[in-house]
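For reference, the chains in residue letters:
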Amino acid sequence: MSRATTLPEGRHPATLLCHPLVFVAVVVCAVNDHLLKGSGIIPGAITGKLSDFAGLFFFPILLAVLFLLATQLLAYLVPPIQRRLPTDDPRLYLDPAAILTIAVFTALNISHSANALAEPYWGVVTMDATDLF
């Protein structure tokens with residue numbers, strides 16, 4: 001296999017998404033958002049923070065895998081780039097993915113302009129500066 005399609009130990013890029021903690025975060029987010037929020041079982045302040053925590057854990061990992069797959073596609077389409085791009089390991093993309101996730105999350109919680117830009121895609125995002133803690 002070419003360098004662009006192999007990972008250490010022959011793993012696929014999506015193996016990061018199969019980690020048990022990622023699975024737990026996705027389940028927590030889904031159960032929280034679709035069953036607990038607004039049900040009165042758990043106070044809204046807790047369900048809001050639970051979604052934020054689970055999403056901030058999961059989303060950078062998903063984004064890192066997507067960055068890696070995009071890089072691999074670019075390396076496949078433009079072979080000379082293959083030698084210059086880090087296309088081996090999704091963990092190389094975790095820092096930029098985490099920074100991007102935190103930047104967007106922060107902007108949505110403190111900026112009315114950012115919130116207005118996101119509204120057509122995500123609906124109304126409740127601005128809560130305490131989420132930044």
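Residues numbered from 1 in each chain as written. Predicted model: local features only at pLDDT ≥ 70, side-chain atom pairs only at ≥ 80, totals over all residues. Heavy atoms only, no water.

J.: I'd love a proper account of the overall build of the protein, names of residues and values included.
T.: Helix and strand counts for the protein come out as four helices and zero strands. In the protein, the order of α-helices and β-strands from amino to carboxyl end is α-α-α-α. Looking at the protein as a whole, 26% of its 133 residues are labelled buried. Within the protein, counting contacts between residues at least 6 apart in sequence, those at least 24 apart form 60% of the total. When the accessible surface of the protein is totalled, it reaches about 8,700 Å², and 72% of it is carbon and sulfur. (Helix = DSSP H or I, 4+ residues; strand = E, 2+ residues; numbered from the N terminus. Buried < 20%, exposed > 50% of the residue type's maximum accessible area, 1.4 Å probe, protein only. Contact = heavy atoms within 4.5 Å. Areas by Shrake-Rupley, 256 points an atom, 1.4 Å probe, with all protein chains shown as cover.)

J.: Before we move on, can you summarise helix H1 (residues 20-36) with the specific residues and values?
T.: Looking only at H1, the buried set comprises Val 22, Ala 25, Cys 29, Asn 32 and Leu 36. Taken end-on, H1 shows its buried residues confined to a sector of 140 degrees, consistent with a single buried face. Away from its buried face, by an angle of more than 90 degrees, H1 presents the exposed residues Pro 20, Phe 23, His 34 and Leu 35. On its buried side, H1 packs onto helix H2 (44-77). Positioned one or two residues after H1, Gly 38 has a phi angle of 80 degrees, which is positive. (Arc of directions from axis to C-beta.)

J.: I'd love a proper account of the side chain of Ser 51, names of residues and values included.
T.: For Ser 51, the position within the fold is in helix H2. Taking the relative accessible area as the measure of exposure, Ser 51 reaches 8% and is therefore buried. Setting aside anything within four residues of it in sequence, one finds Ser 51 in contact with Cys 29, Asn 32, Asp 33 and Lys 37.

J.: Which residues make up the environment of Asp 131, and what values go with them?
T.: Checked against the element boundaries, Asp 131 lands in the segment after helix H4 (112-122). On a C-alpha basis, the gap between Asp 131 and Asp 52 in space is 7.4 Å, while along the polypeptide they are 79 residues apart. When near neighbours in sequence (up to four residues on either side) are disregarded, Asp 131 contacts Lys 49, Asp 52, Phe 105 and Asn 109.

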